[in-house]
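Examining the three-dimensional arrangement
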2 protein chains.
Amino acid sequence: MAKNLTTRKEDYSKWYNELVVKADLAENSAVRGCMVIKPYGYAIWEKMQAQLDKMFKETGHQNAYFPLFVPKSLFEAEEKNAEGFAKECAIVTHYRLKNDPDNAGKLIVDPDAKLEEELVVRPTSEAIIWNTYKGWIQSYRDLPILVNQWANVVRWEMRTRLFLRTAEFLWQEGHTAHATKAEALAETEQMNNIYAEFAENFMAMPVIKGRKTESERFAGAVETYCIEAMMQDGKALQAGTSHFLGQNFAKAFDVKFATKEGGLEHVWATSWGVSTRLMGALIMTHSDDNGLVLPPNLAPIQVVIVPIYKGQEQLDQISEVANKLTADLRAQGISVKYDDRDTQKPGWKFAQYELQGVPVRIAIGPKDLEKGSVELARRDTLSKEFVQQNEVVERVKGLMTEIQENLHNKAKAFRNEHITEVNDFEEFKKVLKEKGGFISAHWDGTAETENRIKELTKATIRLIPFDNEKEEGVCVFTGKPSVGRVLFAKAY
Amino acid sequence: MAKNLTTRKEDYSKWYNELVVKADLAENSAVRGCMVIKPYGYAIWEKMQAQLDKMFKETGHQNAYFPLFVPKSLFEAEEKNAEGFAKECAIVTHYRLKNDPDNAGKLIVDPDAKLEEELVVRPTSEAIIWNTYKGWIQSYRDLPILVNQWANVVRWEMRTRLFLRTAEFLWQEGHTAHATKAEALAETEQMNNIYAEFAENFMAMPVIKGRKTESERFAGAVETYCIEAMMQDGKALQAGTSHFLGQNFAKAFDVKFATKEGGLEHVWATSWGVSTRLMGALIMTHSDDNGLVLPPNLAPIQVVIVPIYKGQEQLDQISEVANKLTADLRAQGISVKYDDRDTQKPGWKFAQYELQGVPVRIAIGPKDLEKGSVELARRDTLSKEFVQQNEVVERVKGLMTEIQENLHNKAKAFRNEHITEVNDFEEFKKVLKEKGGFISAHWDGTAETENRIKELTKATIRLIPFDNEKEEGVCVFTGKPSVGRVLFAKAY
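Figured I'd write up the structure that's included with this text.

Each value, and the rule that gives it
Residues numbered from 1 in each chain as written. Chains lettered and ligands numbered in written order. Predicted model: local features only at pLDDT ≥ 70, side-chain atom pairs only at ≥ 80, totals over all residues. Heavy atoms only, no water. Pairing = 2+ DSSP bridges. Helix = DSSP H or I, 4+ residues; strand = E, 2+ residues; numbered from the N terminus. Axes fitted to C-alpha atoms, helices over the stretch in contact; angles between N-to-C directions. Contact = heavy atoms within 4.5 Å. Buried < 20%, exposed > 50% of the residue type's maximum accessible area, 1.4 Å probe, protein only. Phe/Tyr/Trp six-rings, centres within 6.5 Å; stacked < 30°, edge-to-face > 60°. Lys NZ or Arg CZ within 6 Å of the ring centre and 35° of its normal. Buried area = accessible area lost by both parts, 1.4 Å probe. Salt bridge = Lys/Arg side-chain N within 4 Å of Asp/Glu carboxyl O. Polar contact = N/O pair within 3.5 Å; in protein donor to acceptor, adjacent residues only side chain to side chain. Nonpolar A, V, L, I, M, F, W, Y, C, P; charged D, E, K, R; others polar.

1. Quick notes on the sheet that holds strand S17 (residues 303-307) of chain A
All names here are of chain A. Strand order across the open sheet formed by five strands is S18-S17-S19-S20-S21, with mixed pairing between neighbours. Each edge of the open sheet is held by one strand with a lone partner, namely strand S18 (336-338) and strand S21 (384-388). The average undirected angle you get between the axes of adjacent strands in this sheet is 25 degrees. Packed onto the sheet, helix H9 (residues 311-331) meets S17, S18, strand S19 (360-364) and strand S20 (373-378) and runs at close to 170 degrees relative to S18. Across the sheet, helix H12 (residues 392-417) touches S17, S19, S20 and S21, and the angle it forms with S20 is around 5 degrees.

Structural data, given as structure tokens:
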């Protein structure tokens, strides 16, 4: 192939890395583990943001912004949370550079500008936010607080991969405060459902909803709900999490409220987030050996029109048709790019838009002008058809839904084929090795067994699904009793 | 007054600080100099962002995202830029905390996790971006690059004030690359014009366009264009800047492109930004002793409806009218809040929405039900009128424009009254002391005179306006020849 993309079969990991860079989504930067999100990749993220933000606001949430830095003394206030993140934090210790006396034109850290207290670059914002909420909450009248923040966070991961695991990433983090446990639990579930809805309807990515085991929970959470997706290489990917934090942070930061009845109680909390990791999930769910495949609901360019011409006169004639089509499609809310650049040939453009996953490509050449038609190509099926010019708008409108559904169905079929019920540990290992995917198995409920299985197979319990908790059985590893199957997988 | 806001006359600075906090816009955080932007304040910022983003995209710009951190070696590459920001940078030196062996439950910086190279938390992103552009630009075909970033930046200022000067702030920074000087200059001017258009039409804030003197220029820029506004205390505020960077960054980072003609040249650059400082400008331009006053084009809530009732039956009747009004107004694209909370009294609500600057308040009581009317109050003029219910939508639609224009006219009249032509240095000092505002005076063009005037009066040259450069005269301080008046002022 002209674009020289490694195939998924050859090397899935290499295919992914190459695709992200060649499709102009992101690239590594001069800062270890930090990425540059390029305009085309960022445009997809903006579409994700816009939709999620709408869903958050429709459920009563407002955005706010809290500091990037967390003073060390606040950071360590909730012990489990601090312990969970301490080993991967970027720490600000100084606030000034000065000229290097030994090296003209060079700068060194000014030792006289040492901070009295070190600042942690936020890996997550519970600490700084709950310290703030303390001032916002006095009475039940101040509750609930339903706040979300779009922000950058930093976790100093040692092994990083574009979008999937980067030292700095972009995300949203919701932080809510409630008067009752029931209300906080309902919020935790609501937000997990919103993530699932977003994944299914916009990313065309099927997900399973459930909760994490204790060892996979967010540091400081009482319960972590999650949505888990299945990638084409048989590895699972955690796509979103919603945490019920109980009263842990309220206790750590002494946040109490006067109840209606005149009592004084600690506030109940949730937090929930999705990140630019979703970009990785989107890419790995749909893309193929020719490049990116994007669902129309998140494609920055839904339709591209490419003229095939010799000479200005032909181009003018084609442009007349293309401009009308562009206007008609846009009037239907469809985003269209007419690429009449003369610096690149049609073949180059075809390859480029295929690589970048534009859902529909329309080509118009001299023969089309004669016949009143256009050539229409689908990115998802790579199929082509000729459509009469006056039927293009209707056809494309239909395709937006059709492609979206096709991608969802295809991914769902793949995911369903990759859930294997297993009742024996040898089979467990065999399936994991030969097929991958989710392994649905009984587990005795202990962290010890979970850890042993992880050590032996690298598979972890991705989640305890909400919808299959009540089957009695025996643990696939210890033979001890179990009350329901859980899903194991190797994971990103 | 119930809300106990210090008046502007009593203490302008205190009035501002109190207003920002009491109107729920922002507050100080546990991190020195960093603010929390509260939901109501953030909602105004989101409206600013949405409009600016639209204007950037309409002029061909795309968003992208670059790392938060700049390695010290890149930071120091463009010497003037580095020098300009070195003294106020937050520096990351370590990437891990560990348990304090002497203090259970406490954490200390792990000395074994020292970074090989320190990272500067971006005070601005020219360095990291131009190091990235080096990989994006080979030929004239790759130009122009028209990229914008919405991000947080950190400048370790010693004296901070909410929105006006904070250690961390939110902004957008455009970074463009061009094949020719003329194109880069045109971009610099275009973006300054967009800022002016935004300030005038959305913030209802009159601004003067011009360029900075050499000593007031952005560190590393060849020219800095700006828009300057006048606050109610007679101090100027720089509301946006657009920099022509020449080839300085291209040279520092060795970014060359193959020209159409087969040559190899350094790329031309611009950068331009506005920040959450605009929130401070918005507040100080329009607000009064009763609180915030917001122009309808940026008000998160344009109309609030408050029911005045006794008992559920009356509330139900009022709600029927209010809900219909709400629906009808929303159908016209007007944002409406119907505040029927029973936890607060009407008087409290009136004071609250006045303090928060909601442009139009509608009150509906039992007498209004009888008369088929509502009471409508304008925030800008504090005037009230009774309007028949079936005329409310038309009246409110009209008011959105009327209030927007009234605020703009009022601010413009104030600004114009506060530009004083001065030809003598004694008068200069007198006007500055007694009236404040912009002083339009001749200047001999030297940094020396500029600095002397600053030392003596604290006034700086805010800008050399684009529209009054060609009058001959003599410098107000030295008597040396001058080719045009410049605007001096004390400034935020």
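2. Considerations on the environment of Gly174 of chain B
All names here are of chain B. Relative to the helices and strands, Gly174 resides in strand S10 (residues 168-178). The class for Gly174 is buried, based on a relative accessible area of 0%. Sequence separation between Gly174 and Ala127 is 47 residues, and the spatial gap between their C-alpha atoms is 13 Å. Excluding anything up to four places from it in sequence, Gly174 contacts Val147, Asn148, Thr270, Ser271 and Trp272.

3. A closer look at the packing of aromatic side chains
All names here are of chain A. Per the stated rule, a full pass over the model turns up 38 aromatic pairs over all chains. Members of the aromatic cluster, joined through ring pairs, are Trp45, Phe56, Trp150, Tyr195 and Trp272. It is Arg8 that lies over the ring of Trp15; its NZ or CZ is 6.0 Å from the centre. Sitting above the plane of the Phe350 ring, Arg361 keeps its charged end 3.8 Å from the centroid.

4. Focus on the interface of chain A and chain B
Of the residues lining the interface, 65 residues belong to chain A; the matching set on chain B comes to 65 residues. When chain A packs against chain B, the two sides together hide about 5,300 Å² of surface, and 67% of this comes from carbon and sulfur. Linking chain A with chain B are four salt bridges, by the criterion used here. In this structure, Glu46 of chain B engages Lys57 of chain A in a salt bridge whose closest nitrogen and oxygen atoms are separated by 3.1 Å. Where chain A touches chain B, the interface holds 30 residue pairs in polar contact (both at pLDDT 80 or more). Across the side of chain A that touches chain B, the residue classes break down as 39 nonpolar, 11 polar and 15 charged.

The values are spatial; any link to function lies outside them.
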